Amino acid sequence: MKVELLSSHSQIQIDRLPASIGRSAQASVQLPDPEVSRHHCLLVQREGVLVIRDAGSTNGTFVNGLRVGEAVLASGDRVSLGQTRFCVLYQRDASCSRGPDSIHVPCSFAGPE
């Protein structure tokens, strides 16, 4: 599963899951945001969909403005970690029989988080 994290100033490609996100040098995706924990959250693939799991972060993981411990992500969902905000885009696993093979939803960074 290929995943893209899009923000207003960057684009991050993730080709391998699980992927950790945080400030740590060991994180798959390193974010230089002081409000992001060293080991903030994890992206995993489960049954052909993308799941985000908070790793006990101090400031929380938010999906479309709601704090989550774990959530299934739809392509186009907005994720907030500290002051970092990004839109998640991905294609579903072709081996999964549920739903379309690809999902594309335009990302918007306008509006409240």
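Residues numbered from 1 in each chain as written. Predicted model: local features only at pLDDT ≥ 70, side-chain atom pairs only at ≥ 80, totals over all residues. Heavy atoms only, no water.

**Overview of the pattern of salt bridges**
So, point 1. By the definition in use, this model includes 2 salt bridges.
So, point 2. Here R46 ties to E70 by a salt bridge, and the two come within 2.8 Å at their closest N and O atoms. Here E70 lies in strand 9 (residues 70–73) and R46 lies in strand 5 (residues 41–46), a separation of 24 residues in the sequence.
So, point 3. A salt bridge links R53 to E70, with the nearest nitrogen and oxygen atoms 2.9 Å apart. With R53 in strand 6 (residues 49–54) and E70 in strand 9, the pair connects residues that are 17 residues apart, well separated along the chain.
So, point 4. Residue R53 is classed as partly exposed on the basis of its relative accessible area, which comes to 31%.
So, point 5. Taking the relative accessible area as the measure of exposure, E70 reaches 40% and is therefore partly exposed. (Salt bridge = Lys/Arg side-chain N within 4 Å of Asp/Glu carboxyl O. Helix = DSSP H or I, 4+ residues; strand = E, 2+ residues; numbered from the N terminus. Buried < 20%, exposed > 50% of the residue type's maximum accessible area, 1.4 Å probe, protein only.)

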